[in-house]
Amino acid sequence: MGSVDIRNVSKSYGPAQALADVSLSIAEGEFFGLLGPSGGGKTTLLRAIAGFVEPDAGTITVDGKPIQNVPVNKRDIGLMFQNYALFPHLSVRENLGFGLSVRHRPKAEIDARVDELLALVRLEAFGDRKPRQLSGGQQQRVALARALATNPRVLLLDEPLGALDKNLREEMQIELKQIQREIGITTIFVTHDQEEALTLSDRIAIMRDGGVEQVGAPRQIYERPDTAFAARFLGAANFFTGTVEGNDGALTRVRLGDGTVFTTTDAAAPGRQVTLAVRPEKMFTTSPDTAPNRISGRILQEVFTGTAVTYRLDAMGQTVSVFAQNGGSALPATGDMLTVGFDPANAVILADTPAPQAA
């Protein structure tokens, strides 16, 4: 069921290149996320797989068979959009059975399949209701069930949870992942939400300007980003640019412009200019004096979220973000001096140097 192979796919709209030589392989049963900013190419790629966009170059295959010249309704692909596109005049049961009825399936088969789908999304008691009588989360589940009605080989989701509020979206992330695992369908979804990508995806492709910036498991990209863009788009990061001074065994010394020397376990040749990325939560405020890498600065801002505090420090001629858990003890406040440390293993040398400025 549903391996997808995308090879050298490009698409332009006049002078604007929406997709630039994109190649990806999605395994059977995988939950694959396309993450990126608006205009990055993720929705265009999803629409090309669905058949709504014809690529200018390249090939797309499902289970090894090219699908470029196959009509949308013959591609055996399920689609779910952000606005759900439910038929308001039809009941939930009629919405779920619509795709099967237009394929002229027997009524008994349609009724049995609709019963299966209602059970799958836990809406057995809502079959006779109209969409307007459902909550946002219930409508989302109906839209998902309808996309699965014809037993497609591949499921495409375009911002599937974007219309939901934060609490419901978090709840539905877990439910969507559980349903996908239960039926084992290959799923490709578009999102600009970092947390959603991390929660749902087996692997993520970060897209930028029509190309693929990095592909990997969520933890891999988060912990070991290749570029400053990937580091910044999948979370938050501090960037420190300097020159490799030398190596001490397993540690590489990087001297910054202000003379500060940091060490990293990443290898790099002496004399090379590099950018180190350090996640805010990797910086610790307890016993920083024992850390190989230390930063001191004045707190410019504190953002308290209950379970944690994010500090913005004025340090080393730049703003440094630090994430601290609320452990119940007294926390420093705006205007205080704060010293933090980080381990060399948590300083990642990026492929692109220097880091681009934050927007």
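Summary of the structure given here. (Residues numbered from 1 in each chain as written. Predicted model: local features only at pLDDT ≥ 70, side-chain atom pairs only at ≥ 80, totals over all residues. Heavy atoms only, no water.)

1. Considerations on the pattern of salt bridges
Item 1. One pass over the full model with this rule turns up 20 salt bridges.
Item 2. Among the salt bridges present, the one from Arg-153 reaches Asp-76, with a minimum N-O distance of 3.5 Å. Residue Arg-153 is located in the loop between helix H4 (136-148) and strand S7 (154-158), and its partner Asp-76 is located in the loop between strand S5 (65-66) and strand S6 (77-80); the two are separated by 77 residues in the primary sequence.
Item 3. Relative accessible area serves as the criterion here: at 31%, Asp-76 is assigned to the partly exposed category.
Item 4. The salt bridge partner of Asp-111 is Lys-107, with a shortest N-O separation of 2.7 Å. Of this pair, Asp-111 and Lys-107 are both found in helix H3 (residues 107-120), four residues apart, which corresponds to roughly one turn of the helix.
Item 5. Assessed through its relative accessible area of 61%, Lys-107 is described here as exposed. (Salt bridge = Lys/Arg side-chain N within 4 Å of Asp/Glu carboxyl O. Helix = DSSP H or I, 4+ residues; strand = E, 2+ residues; numbered from the N terminus. Buried < 20%, exposed > 50% of the residue type's maximum accessible area, 1.4 Å probe, protein only.)

2. Section: the side chain of Thr-275
Item 1. Within the secondary structure, Thr-275 sits in strand S14 (residues 273-278).
Item 2. Taking relative accessible area as the criterion, Thr-275 reaches 0% and is therefore assigned buried.
Item 3. Only 3.1 Å separates the side chain of Thr-275 from the side chain of Thr-241, close enough to count as a polar contact. (Polar contact = N/O pair within 3.5 Å; in protein donor to acceptor, adjacent residues only side chain to side chain.)

3. Regarding a nonpolar patch on the surface
Item 1. A cluster of nonpolar side chains, namely Phe-52, Val-72 and Phe-81, defines an oily patch on the protein surface of about 220 Å² accessible area.
Item 2. Note on placement: Phe-52 falls in the loop between helix H1 (42-50) and strand S4 (57-62).
Item 3. When its relative accessible area of 37% is taken as the criterion, Phe-52 is described as partly exposed. (Patch = residues over 30% accessible without salt bridge, like charges linked within 9 Å, V, L, I, M, F, W, Y side chains within 5 Å. Areas by Shrake-Rupley, 256 points an atom, 1.4 Å probe, with all protein chains shown as cover.)

4. Here we look at the nonpolar core
Item 1. In terms of nonpolar packing, the biggest core is built from 33 residues, with Met-80, Leu-96, Val-142, Leu-144, Leu-148, Leu-155 and Leu-157 touching the most fellow members.
Item 2. Of all the secondary structure elements, the ones that give two or more residues to this core are helix H2 (92-101), H3, H4, S7 and helix H5 (166-183).
Item 3. Top contributing element to this core by residue count: H4, with six residues.
Item 4. When sequence neighbours within four positions are dropped, the list of residues in contact with Leu-144 reads Met-80, Leu-155, Leu-176 and Ile-179.
Item 5. Formed by 25 residues, the second largest nonpolar core is a distinct cluster that contains Val-4, Ile-6, Leu-19 and Ala-50. (Core = buried A, V, L, I, M, F, W, Y, C linked by side-chain atoms within 4.5 Å. Contact = heavy atoms within 4.5 Å.)

5. Considerations on the environment of Ile-183
Item 1. Tracing the backbone shows Ile-183 in helix H5.
Item 2. The spatial distance from the C-alpha of Ile-183 to the C-alpha of Phe-31 is 12 Å, given a sequence separation of 152 residues.
Item 3. In this structure Ile-183 touches Leu-120 and Leu-148, once residues within four positions along its chain are discounted.

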